[in-house]
Amino acid sequence: SDTTDAGDDAELRTPIVAVLGHVDHGKTSLLDEIRGSAVTAGEAGAITQHIGATAVPLSTISEIAGSLVDPTDFDLPGLLFIDTPGHHSFSTLRSRGGALADIAILVVDVNDGFQPQTHEAIDILKRTQTPFIVAANKIDTVPGWNPNPDTPVQETLEKQSDRAESRLNEQLYEIIGQLSDEGFSADMYWRVQNFRENIGVVPVSAETGEGIPDLLTVLMGLSQRYLKAEMSIDVDGPGVGTVLEVKDERGFGTTLDTVLYDGTIRADDTIVVGGKNEPIVTDVRALLQPRPLSEIRTEKQFEQVDAVRAAAGVKIAAPDLDDAMAGAPVRVVRDRNLEEVVAEVRAELADIEVVTEEQGVVVKADTLGSLEAIAGTLEEAEIPIVRAEVGDIAPRDIAVASTAEDPKHAAVLAFNVDVLEDAEREIEETDVDLFADDVIYQLVEEYEAHVEAIEEAQQEQILDKIQRPCRFRILEDHVFRQSNPAVVGVEVLSGTLKRNSRVVKWEGNEPERVGELKSLQDAGEDIDSARAGEEVAASIDGPTVGRQVEEGDELWTEIPEKHAKVLEQELADEIPADELEALRMYLDNHRKRDPFWGK
Ligand code: GDP
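Residues numbered from 1 in each chain as written. Predicted model: local features only at pLDDT ≥ 70, side-chain atom pairs only at ≥ 80, totals over all residues.

### Focus on the overall build of the chain
Looking only at helices and strands, the chain features 15 helices and 34 strands. A compact globule built from 599 residues should have a C-alpha radius of gyration of about 25 Å, whereas the chain, at 35 Å, is more than 25% larger. Dimensions along the principal axes, computed over C-alpha positions, put the chain at roughly 110 × 65 × 45 Å. Burial status across the chain gives 43% buried among its 599 residues. Excluding contacts between residues fewer than 6 apart, the proportion of contacts in the chain whose partners are at least 24 apart in sequence is 71%. (Helix = DSSP H or I, 4+ residues; strand = E, 2+ residues; numbered from the N terminus. Rg over C-alpha atoms; globule rule 2.2 N^0.38 Å. Buried ≥ 20, exposed ≤ 12 C-beta atoms within 10 Å, placed from the backbone. Contact = placed C-beta atoms within 7 Å.)

### Describing the site of the ligand
Taken together, 16 residues form the shell around the ligand, and within it Gly26, Lys27, Thr28, Ser29 and Glu207 come nearest. Ranked by the residues each element gives to the shell around the ligand, the list is headed by helix 2 (residues 27–41), at 3 residues. Considered class by class, the residues forming the shell around the ligand number 3 nonpolar, 8 polar and 5 charged. (Near = placed C-beta within 6 Å. Nonpolar A, V, L, I, M, F, W, Y, C, P; charged D, E, K, R; others polar.)

### Details of the sheet that holds strand 17 (residues 280–283)
Taking strand neighbours across the sheet as the criterion, the 8 strands line up as 17-16-22-13-14-21-18-19 in an open arrangement whose pairing is antiparallel. Across the chains shown, the open sheet's two edge strands, defined by having one partner strand only, are strand 17 and strand 19 (302–305). Neighbouring strand axes in the sheet, compared pairwise and without regard to direction, differ in orientation by 40° on average. Sheet analysis places strand 16 (residues 270–273) next to strand 17, joined by 4 bridges and oriented antiparallel. What sits directly across from Val272, in strand 17, is Val281. Those strands touched by helix 9 (residues 338–352) are strand 16, strand 17 and strand 22 (329–332), and its axis lies near 165° from that of strand 22. (Pairing = 2+ DSSP bridges. Axes fitted to C-alpha atoms, helices over the stretch in contact; angles between N-to-C directions.)

### Observations regarding the sheet that holds strand 9 (residues 132–137)
Taking strand neighbours across the sheet as the criterion, the 8 strands line up as 3-4-5-2-8-9-11-10 in an open arrangement whose pairing is mixed. At either end of the open sheet lies a strand with only one pairing partner, and these are strand 3 (48–49) and strand 10 (185–188). Its contacts with the sheet place helix 5 (residues 116–128) against strand 2 (16–21), strand 8 (103–109) and strand 9, and it is angled at close to 145° to strand 2.

### Examining unusual backbone geometry
Residue Ala311 is reached from Ala310 by a cis peptide bond, and omega for that bond is -5°. Locating Ala311 in the fold gives a position in the loop between strand 20 (307–309) and strand 21 (312–317). Cis peptide bonds are those with omega within 30 degrees of zero, and the linkage from Asn484 to Pro485 qualifies with -15°. Examined against the element boundaries, Pro485 turns out to sit in the loop between strand 27 (470–481) and strand 28 (486–498). The phi angle at Gln129 is positive, at roughly 55°, despite the residue not being glycine. For Gln129, the position within the fold is in the loop between helix 5 and strand 9. We classify Gln129 as exposed; it has 8 C-beta atoms within 10 Å. Phi angles above zero are rare outside glycine, and Lys138 is one such case at about 75°. If you trace the backbone, Lys138 turns up in the loop between strand 9 and helix 6 (153–158).

### Considering the environment of Glu516
Relative to the helices and strands, Glu516 is located in strand 30 (residues 510–522). Given 17 C-beta atoms within a 10 Å radius, Glu516 is considered partly exposed. Every residue in contact with Glu516, bar those within four places of it in the chain, is listed here: Arg502, Val503, Ile540, Asp541 and Gly542.

### Considerations on the nonpolar core
Core analysis: the largest hydrophobic core is formed by 132 residues, its most contacted members being Val17, Ile133, Val134, Ala136 and Ile374. Looking at which element gives the most residues to this core, the answer is helix 8 (residues 212–227), with 7 residues. Counting residues in hydrophobic clusters, the runner-up holds 27 residues, among them Val492, Val514, Val536 and Leu583. (Core = buried A, V, L, I, M, F, W, Y, C linked by C-beta atoms within 7 Å.)

### Section: the packing of helix 3 (residues 58–65) against helix 8
Running from N to C, helix 3 and helix 8 point in directions that differ by 135°, and their axes come no closer than 8 Å. With respect to their mutual orientation, helix 3 and helix 8 come out oblique. Viewed along their axes, helix 3 and helix 8 form a crossing whose handedness is left-handed. Side by side, helix 3 and helix 8 meet where Ile61, Ile64 and Ala65 of the first sit next to Ile212, Pro213, Leu216, Thr217 and Met220 of the second. When grouped by side-chain class, the residues that make up the contact of helix 3 with helix 8 number 7 nonpolar, 1 polar and no charged. (Parallel < 35°, antiparallel > 145°, perpendicular 65-115°, else oblique. Left-handed = near helix turned anticlockwise from the far one by under 90°.)

### Let's talk about the confidence of the model for the chain
Averaged over every residue, the pLDDT of the chain is 90; the share at 70 or more is 95%. Taken as a whole, residues 1–6 scores under 50 in pLDDT and shows 4 contacts with residues more than four places along the chain or in a different chain. (pLDDT = per-residue confidence, 0-100.)

### So, the pairing of strand 14 (residues 253–262)
Burial runs high along strand 14: 8 of the 10 residues are buried. The pairing of strand 13 (residues 240–249) with strand 14 spans 9 bridges and is antiparallel. Across the sheet, the residue bridging to Val240 is Asp262, located in strand 14. In textbook terms, the turn of a hairpin is the stretch between consecutive antiparallel strands, and for strand 13 and strand 14 this stretch comprises 3 residues, one of which, Gly251, has a positive phi near 90°.

Structure (structure tokens):
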């Protein structure tokens, strides 16, 4: 047929499911348990291992779910689980500006509740508007729990003591409360009517398999009910996918682990892939899928296939893939105009592009998705970026960071990437600081703490160099020497009196310089400074007591106008209250004469 209307050839593809959650909350265990129960429940073909994903067909799901699922209610073919859990791979896996995963499972440990990465995952789910359910995991760890392997939740709940059940309920309501704090209305899944509006919480154990039937049932039901329209694709059309990982594979060179979410890719297709500089146009050399376990006669890990249909994970071998990026789009050209397809890939990449400035930090991340997420967080924190790239840290990155004008910007923020050997040497030889973390907000917080430390040090340095205000008074009957230098007892009224300060006396609104304070003594010992309230002996070069200064006179240290300005505008928070008071009086005096003095 020559019709291009997807309607005629439309088929329903498998929804793509991602698992997210805080570290150690059981994402990997949950995926293993789903695969495990599938293999136990089904016969041959219970699951299909893809590259980077596992497909569980509807028949297997209904087998596991038992009475919870009536397979005739469904026409979606099953579920495709992304094997790499975590919001990292989730944000990597994009499609047309959104998330590649159609639906997500947010795993929350019932003992731990919400943790930093749970919040981070929720942010990503919100941003990408991905429907999700919450797997409240590890219910078997509730004290007094009586495990009933692989049973639906309600069934196992009936077999629990009142204490165990109410203990679990407390933990579940804690999680529901935390979801509500995040702006979601949530409830136990069996009370949820509309899963698009309310988040269903499914109590599970990845250890005992309790609740797994429920989890699969809810995922299947939610997909069927709310995602069916999006699952309708022209399966024979030119394939569209996202690069999950760029990998060297023995015998194949650089390959792309790809998740295909639309159409078909064939072994003789020309494809366009997002590259570091330009879209890459290349011809598929081989399509690879994992060899089924039953066929391990040969040493070979992969088998070559002629075609792969969405939704599926596939390894693509082709020439010229070195510049391909994880998170980038892959599009089959087939009978379409090549330039058009290149333009589409370029547009998708432009969507992800990060805004850079003349000055700022260097950011390196392992995928486009993570780069974009970090850039977003940095923008919120008002931290400018000078260079943002996917890939390991190379000498060039350090070189760029080392030319920063502001020492705060001499930094490389690295997310899930390695430091190349040459770059490591450069880091040692330059002032560039490296920050590496695999949790975005922690990465940004580490950098912010560093900036704060730099700013404090800078202020301390300024404070050290700056002349500080001090008001003091010549005590009556404490003139030890009249002149050359004058040695008098003084009381410090406010601020700190230091050696080597110029001394002024106010004559009306004019500060008259009377001399230089050369040294201070307390009980016959030389000291560097005296604080407000102290009485010490001061030797002042310049004046003669009885002429330029008198007993009882109020004197001040002289503050250059520039220093006064820095003190007032930048350091007012850093100096003690009595000193600030002295500063204000000093400024007021000057400003009676010249309102703009020190401004
Ligand atoms: P991930 O970091 O989120 O992938 O967490 P893992 O799947 O690696 O699990 C972290 C730890 O929790 C492991 O020691 C698991 O055995 C354990 N675990 C995961 N799920 C359960 C569960 O349902 N019950 C119990 N008792 N332990 C679990």
